[in-house]
Amino acid sequence: MSNYLLEVQEVYFEYPGGIRALNGVSLAVERGKKVAFLGPNGAGKSTLFLHFNGILRPKKGRILYDGQELVYNRSFLREIRRKVGIVFQDPDAQLFAGTVFQEVSFGPMNLNLPSKDVRERVESALSAMGIRELMDRPVHLLSYGQKKRVSIADVLAMDPEVVVFDEPTAYLDPRHAGELVEMLDGLHAEGRQVILSTHDVDLAYSWADQIFVMKDGRVIGGGSPEEVFMDDELLKRADLKKPLLVEVSDALRQMGLLDGRFPKNARDLLECLREGR
Ligand SMILES: Nc1ncnc2c1ncn2[C@@H]1O[C@H](COP(=O)(O)OP(=O)(O)OP(=O)(O)O)[C@@H](O)[C@H]1O
Ligand SMILES: [Mg+2]
């Protein structure tokens, strides 16, 4: 077993028309870490994600999963897509069919499971996303946030080792965004690897163990959330704001009210302040 779950080595990718989306991306995702990708619009996050299970193929460079280089033949791709599930940024690009049940059962059915098992998987994926009652509704008539949740159930029903979420909280209301983060932690606790992209710096800061910052088709920085969000130069280059908690913690430190710790939520911060008194 490789120490790295995913490795990307000097990957270049162009869309038709010569649009250069990836310009030599290199990175290694450590096994067991909760990983977040940050970066401005057009940085290449979604394009990179589609390389993780071979939906897109590098023009140059290599992708490795568990130390093994991706091979672009039918049997390898089938296998890697079972292991690495991707929830697309745009649910309309991912969802295609009929009712919610038909949509979410499509993947498991293609694994040739008995229909009882298919139904179980669909029901448990829909329950995990709180949309069991939408089972018989036509997908195309759902709200965008509901579609986003169906697209996540789609991937959960495949029982993947790695779940890649491209902006999972976009379009979700605050309650469902909160529940989604709990669900991500649930997947992690089950031993699955979770990788996401987000424009929500507060989420990246409080949730992730490892962060990559992308811009112009490259990884321009990364590290622990503390390292990334203390690096003012990097934040400026990537047009990123500081998370509110980091701003508040910085200010409290300057006032001599907080030590060198980095509280990750309001409760931790209050705890630190209480201890410091
Ligand atoms: N299907 C496509 N055809 C042509 N060009 C594309 C396509 N998808 C993305 N691009 C271009 O590739 C580059 C990288 O886009 P990508 O969607 O990967 O960025 P991103 O980091 O995911 O951005 P966002 O934060 O807006 O989701 C951009 O210049 C974009 O315009
Ligand atoms: Mg994107």
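Cut-offs used in this document
Residues numbered from 1 in each chain as written. Chains lettered and ligands numbered in written order. Predicted model: local features only at pLDDT ≥ 70, side-chain atom pairs only at ≥ 80, totals over all residues. Heavy atoms only, no water. Helix = DSSP H or I, 4+ residues; strand = E, 2+ residues; numbered from the N terminus. Buried < 20%, exposed > 50% of the residue type's maximum accessible area, 1.4 Å probe, protein only. Core = buried A, V, L, I, M, F, W, Y, C linked by side-chain atoms within 4.5 Å. Contact = heavy atoms within 4.5 Å. Pairing = 2+ DSSP bridges. Salt bridge = Lys/Arg side-chain N within 4 Å of Asp/Glu carboxyl O. 1 Å grid on protein atoms, 1.4 Å probe; cavity = no way out; pocket = protein on both sides within 12 Å on 5 of 7 lines; lining within 4 Å. Points joined across faces, edges and corners; volume = space filled by probe spheres on them. Nonpolar A, V, L, I, M, F, W, Y, C, P; charged D, E, K, R; others polar. Donors = N, O, S within 2.8 Å, 3.2 Å for Na, K, Ca; no water. Near = heavy atom within 4 Å. Polar contact = N/O pair within 3.5 Å; in protein donor to acceptor, adjacent residues only side chain to side chain. Axes fitted to C-alpha atoms, helices over the stretch in contact; angles between N-to-C directions.

Things to note about unusual backbone geometry
Item 1. In this structure, Asp216 takes a positive phi of about 50° despite not being glycine.
Item 2. Looking at where Asp216 falls in the secondary structure, it is placed in the loop between strand E9 (210-215) and strand E10 (218-223).
Item 3. Its identity as a non-glycine residue notwithstanding, Asp239 has a phi of 55°, on the positive side.
Item 4. Looking at Asp239, the relative accessible area reads 59%, which means it is exposed.

Points about the nonpolar core
Item 1. Of all hydrophobic cores here, the largest spans 53 residues; its most connected members are Val104, Phe165, Met183, Ile211 and Phe229.
Item 2. Each residue touching Val104, except ones within four places of it in the same chain, is listed here: Val122, Ala125, Leu126, Val150, Ala153, Asp154 and Ala157.
Item 3. Among the nonpolar cores identified, the runner-up in size contains 31 residues, and Val25, Leu27, Leu77 and Val162 belong to it.

Thoughts on the sheet that holds strand E2 (residues 19-30)
Item 1. Spatial strand order, E2-E1-E4-E5: four strands in an open sheet with antiparallel pairing. Edge strands, defined here as strands with exactly one partner in the open sheet, are E2 and strand E5 (68-69).
Item 2. Bridge analysis of strand E1 (residues 4-15) against strand E4 (residues 60-65) gives five bridges, and the strand direction is antiparallel. Considered in E4, the bridge of Val8 is made with Ile63.

Side note on the environment of Gly276
Item 1. Mapped onto the elements, Gly276 comes out in helix H12 (residues 266-276).
Item 2. Take Gly276: its relative accessible area is 59%, and that puts it in the exposed class.
Item 3. Taking the C-alpha atoms as reference points, Gly276 and Leu257, 19 residues apart in sequence, are found 7.0 Å from one another.

Some points on the pattern of salt bridges
Item 1. Counted according to the given criterion, the structure contains 20 salt bridges.
Item 2. With a closest N to O distance of 3.2 Å, Lys59 and Glu14 form a salt bridge. With Lys59 in the loop between helix H1 (45-49) and E4 and Glu14 in strand E1, this residue pair connects regions lying 45 residues apart in the sequence.
Item 3. When the shortest N-O distance is used, the salt bridge between Arg175 and Glu179 registers 2.9 Å.

Some points on the layout of surface pockets
Item 1. In this structure, the largest pocket encloses a volume near 600 Å³.
Item 2. Along the walls of the largest pocket sit 21 residues, with Arg81, Phe106, Gly107, Asp154 and Met158 positioned nearest its centre.
Item 3. Looking at which element gives the most residues to the lining of the largest pocket, the answer is helix H4 (residues 100-110), with five residues.
Item 4. Taken together, the residues of the lining of the largest pocket sort by class into 11 nonpolar, five polar and five charged.
Item 5. Residue composition of the lining of the second largest pocket, by class: seven nonpolar, one polar and four charged.

Thoughts on the coordination of the magnesium ion (ligand 2)
For a metal with four tetrahedral donors the ideal donor-metal-donor angle is 109.5 degrees, while six octahedral donors give ideal angles of 90 or 180 degrees.
Item 1. Protein ligation of the magnesium ion (ligand 2) involves Ser46 (OG) and Gln89 (OE1), the donor distances falling in the range 2.0 to 2.1 Å. Separated by 43 residues along the polypeptide, Ser46 in helix H1 and Gln89 in the loop between strand E6 (84-87) and helix H3 (91-94) bring together distant segments of the chain.
Item 2. Ser46 gets classed as partly exposed once you look at its relative accessible area, which sits at 24%.
Item 3. We classify Gln89 as partly exposed; its relative accessible area is 32%.

Considering the environment of Met135
Item 1. Looking at where Met135 falls in the secondary structure, it is placed in the loop between helix H5 (115-128) and helix H6 (144-156).
Item 2. Spatially, the C-alpha atoms of Met135 and Val122 are 9.0 Å apart, while their sequence positions differ by 13 residues.
Item 3. Apart from the residues within four sequence positions on either side, Met135 is in contact with Thr99, Val100, Phe101, Arg119, Glu123 and Leu126.

Concerning the site of ligand 1
Item 1. Around ligand 1 sit 14 residues, and of these Gly42, Lys45, Ser46, Thr47 and His199 come closest.
Item 2. Thr47 is positioned with one of its side-chain polar atoms (N or O) 2.5 Å from an oxygen atom of ligand 1.
Item 3. Contributing elements (two or more residues each) for the shell around ligand 1: E2 and H1.
Item 4. With three residues, H1 is the largest single contributor of residues to the shell around ligand 1.
Item 5. Here the residues of the shell around ligand 1 are counted per class, giving five nonpolar, seven polar and two charged.

Some words on the side chain of His51
Item 1. Along the chain, the position of His51 falls in the loop between H1 and E4.
Item 2. With sequence-adjacent residues up to four places away left out, His51 is seen in contact with Val11, Phe13, Leu22, Leu56, Arg57, Pro58, Ile63 and Leu70.

Details of the sheet that holds E9
Item 1. What the six strands build is an open sheet, ordered E6-E7-E8-E3-E9-E10; its pairing is mixed. The strands lining the two open edges of the sheet, one partner per strand, are E6 and E10. For this sheet, the mean angle separating the axes of adjacent strands, direction not counted, is 20°.
Item 2. Strands E6 and strand E7 (162-166) of the sheet are contacted by helix H2 (residues 74-83), whose axis makes an angle of about 65° with E6.
Item 3. Across the sheet, H6 touches E6 and E7, and the angle it forms with E6 is around 175°.

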